[in-house]
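Structural characterization, general
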Amino acid sequence: MQEIELKFLVPESRLKGLMRQTHVKSSQVTQLAAHYYDTPDQQLAQAGIGLRIRKEGDTWVQTIKAGGDGIAARLEHNAVLGNEQVQTMLDNSELMPDLTIYEDTPIAAALADFKLKKLAKNLTRLYVTDVERTTRLLTESNENETDNCIEMAYDQGEIIHGTDDSLRKAIQEIEFELVSGDLDFLFTTAKTWCKRYKLCLSTVTKAENGGLLINGQKHSPAVNANLSQLQIDKDSSAPAFIRVVVHNCLLQILPNSSAIVAGSIDDDHILQLRIGIDRLRTALKAFADFSDEINPEWLPILKQTATLLSDYYQLAYINAQIEPELQACGAPAVDWTTDIENIKITPINTLQANDFQITLLELIAFTMSDPSIEPQTDQLACDKLTKVLSKQYKKCLKTNKQADEVSVTELVSNDVDLDVNTDIADNDQPESELLDQLRDLRYISEFSTPLLSKKKAKKKTKRWLKRLIKAQKALEQLNDNNQYQQFYELKSTTDANALYGAGWFTAILTDDQSHIDARLAKFADSSTFW
């Protein structure tokens, strides 16, 4: 069967209020003791599979979870085990899963890459969980005279290392699982609770948290865009296409967002989340007329979130990366700690905002909705993509000509009136506009390639994309260096040591133009793939 579930982290400030709603008369409290299994090198985890034996009240259940959409839906298979059999294995310290029960079941495909006998021999208990689960059913009658039903489960407890019980990780989360009825009821309910208790979406499973514990990690590594997961049929309708694209963006956004709301301050999580949001914004703008279900309110919220993340990331990157590089070259030290601390809205604050979390829920619901009921379901995506690409490509060429009229010397010598409230990233120069357009063209091209790239022209497509990306990255580096120069210039008004950095980046900017011109010329001279 397929499990459709939304998981949230609970902020401490809203915990008491949430507990009053979870612990009502109709609630049931169950102690869950679970043993999680994998090979010593975690082959199952790497394949996205979780395997456990759990005591649920008086019953022992073996569960495997795998596959799904990577966001809210997963394949799940449960098998009740005999209590006497389990007790005997426990007494002999031999409690192990039985993999033979998965033959001829829907879950078998997820295990197809494994030799089950060999896998069974290599399984070991890596960690256990000790959780108190409070469940409550939320129901509503619908037009079909069948009840919409959701199981709400609040889990509180800990994960314990399989061989060292001094190593533990706390669990405090709430889940909403669709038991029966309409998917809309799940998302409507989740949004209500999210608004009331400031819940934050999390894609981190207990199995993933267990893996982090045994590996001595607090958070999983940052997730980059993965275009190989962009599975689009050649005959996709426009509504189906945009749903697949948004889903692909969410596969990058949600894991990085989950890490940040769980406490990560890793620059890579912030960077990859911002890139994921940029890709999503590009898709929603470029393919706005591919679906009638796209909410125009999503874009301003995503833009605000990306801007706030960028404000923090730029200073954090300067402090962690640029400063050590400059000091290695003999620059005097510049302390950016106070500047970072003075940023009122940190990444975790940004992502905890209700409007962002609600937007994520609506985007997930959009990807899971049925595209075939839309009026445009008879329009093929490939018929519309060529126009979108051509329009964006012409924009880039036009802006490139305008950018030729502005020299780097002029860009550097422009007087910039900056104060503590200035967004240094804002830049109305043609170079900045061209960078945005090239970035959009890159993302649109990457989304479109599976449909428009012909087998015989794969080399041509690859070459064109390579030249586009090189031009974009060259201009991106110019844009970054310009921003660093402005940061150091502003900082020098209160710290003379920053003059070294300001001068350093001024010199770099002067040398950048010839490299950029060459990249842009190659891109402009390339024939398109569509």
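Refer to the preceding data block for the structure.
Structure report, in brief. (Residues numbered from 1 in each chain as written. Predicted model: local features only at pLDDT ≥ 70, side-chain atom pairs only at ≥ 80, totals over all residues. Heavy atoms only, no water.)

**Side note on the pairing of strand β2 (residues 28-38)**
Keep this limit in mind: If DSSP finds at least two bridges between two strands, the strands pair. Numbering goes from the N terminus for both helices and strands, where a helix is a DSSP run of H or I of at least four residues and a strand is a run of E of at least two.
Pairing of β2 with strand β6 (residues 124-141), which is carried by 11 bridges, proceeds in the antiparallel orientation. Each bridged residue has a counterpart across the sheet, and for Q31 the counterpart in β6 is E132. As paired elements, β2 and strand β3 (residues 50-56) share 6 bridges and run antiparallel to each other. In the sheet register, Y36 faces β3, and the bridge partner there is R52.

**Considerations on helix α5 (residues 183-197)**
Note the following rule: Expected helix span is computed as 1.5 Å times (number of residues minus one). Between buried and exposed lies partly exposed: a residue is buried under 20% and exposed over 50% of the maximum accessible area for its type, with that area taken using a 1.4 Å probe on protein chains only. Any two residues whose heavy atoms approach within 4.5 Å are treated as being in contact.
With 15 residues, α5 should reach 21 Å at 1.5 Å per residue; the first-to-last C-alpha distance of 21 Å fits that figure. Turning to α5, its buried residues number three or more, namely F185, L186, F187, T189, A190, W193, C194 and Y197. Looking at the buried residues of α5, the elements they touch are β1 (2-9), α1 (15-22), β6, β7 (147-161), β8 (168-180) and α12 (354-368).

**Section: the pattern of salt bridges**
Condition: We define a salt bridge as a contact between a side-chain nitrogen of Lys or Arg and a carboxyl oxygen of Asp or Glu at a distance within 4 Å.
Summed over all chains, the structure comprises 20 salt bridges. With its nearest N and O atoms 3.7 Å apart, the salt bridge here joins E175 to K7. Of this pair, E175 sits in strand β8 while K7 sits in strand β1, placing them 168 residues apart in sequence. For E175, a relative accessible area of 6% puts it in the buried group. Taking relative accessible area as the criterion, K7 reaches 8% and is therefore assigned buried. When salt bridges that share partners are traced, they join K7, R133, D155, E173, E175 and K206 into one network.

**Concerning a positive patch on the surface**
This is how it is decided: Here the term patch refers to residues with relative accessible area over 30% and no salt bridge, with like charges joined within 9 Å and nonpolar side chains (Val, Leu, Ile, Met, Phe, Trp, Tyr) within 5 Å. Computed by Shrake-Rupley with a 1.4 Å probe, the accessible areas treat only the displayed protein chains as cover when residues are assessed. In this count, Lys and Arg are taken as positive residues and Asp and Glu as negative ones, while His and the chain termini are left out. Each charge is placed at NZ for Lys, CZ for Arg, CG for Asp and CD for Glu.
Taken together, the side chains of K462, K466, K470 and K522 present a region of like positive charge at the surface. Among the elements that make up the positive patch, the one with the highest residue count is helix α16 (residues 458-491) (3 residues). Checked against the element boundaries, K466 lands in helix α16. Residue K466 is classed as exposed on the basis of its relative accessible area of 52%.

**Regarding the packing of helix α15 (residues 430-452) against α16**
Applied cut-off: Interaxial angles span 0 to 180 degrees and are taken between N-to-C directions of axes, which are lines fitted to C-alpha atoms, for helices over the stretch in contact. Any angle that is under 35 degrees is reported as roughly parallel, and any over 145 degrees as roughly antiparallel; angles of 65 to 115 degrees are reported as roughly perpendicular and all others as oblique. Note: crossing handedness is left-handed where the near helix turns anticlockwise from the far helix by less than a right angle, and right-handed where it turns clockwise. The residue classification treats Ala, Val, Leu, Ile, Met, Phe, Trp, Tyr, Cys and Pro as nonpolar and Asp, Glu, Lys and Arg as charged. All others, Gly included, are polar.
The interhelical angle for the contact between α15 and α16, taken along N-to-C directions, is 150°, at an axis separation of 9 Å. As far as their axial angle goes, α16 and α15 are roughly antiparallel. Crossing handedness for the pair α15 and α16: left-handed. In contact with E431, S432, L434, L435, L438, R439, L441, R442, S445, E446 and T449 of α15, α16 contributes T461, W464, L465, L468, I469, A471, Q472, K473, L475, E476, L478 and N479. Of the residues belonging to the contact of α15 with α16, the class tally is 11 nonpolar, 6 polar and 6 charged.

**Some remarks on the pairing of β7**
Taken together, the 15 bridges between β6 and β7 define a ladder with antiparallel strand orientation. Following the sheet pairing, D130 is matched in β7 by E158. Alignment of β7 against β8, held across 12 bridges, turns out to be antiparallel. Residue pairing across strands places G157 opposite I171, the latter belonging to β8. Hairpin connection, β7 to β8: the antiparallel pair is bridged by 6 residues.

**Let's talk about the packing of aromatic side chains**
Rule in force here: Aromatic contacts are taken between Phe, Tyr and Trp rings whose centres are within 6.5 Å, Trp giving its six-membered ring; a plane angle under 30 degrees counts as stacked, one over 60 as edge-to-face, and the others as tilted.
In total, this model carries 23 aromatic pairs according to the counting rule given. With a centroid separation of 5.8 Å and 80° between ring planes, the pair formed by F8 and F176 is classed as edge-to-face. Taken together, the residues span a long stretch of sequence, with F8 in strand β1 and F176 in strand β8 at a distance of 168 residues. Here F8 falls in the buried class, since its relative accessible area comes to 0%. Taking the centre distance of 5.8 Å and the plane angle of 85° together, the rings of Y393 and F523 count as edge-to-face. Of the two residues, Y393 is situated in helix α13 (residues 381-403) and F523 in helix α17 (residues 498-525); the sequence distance between them amounts to 130 residues. F523 shares its class with Y393; the two are buried. Site record: aromatic cluster; members linked through ring pairs are Y313, Y317, W336, Y484, F487, Y488 and F505.

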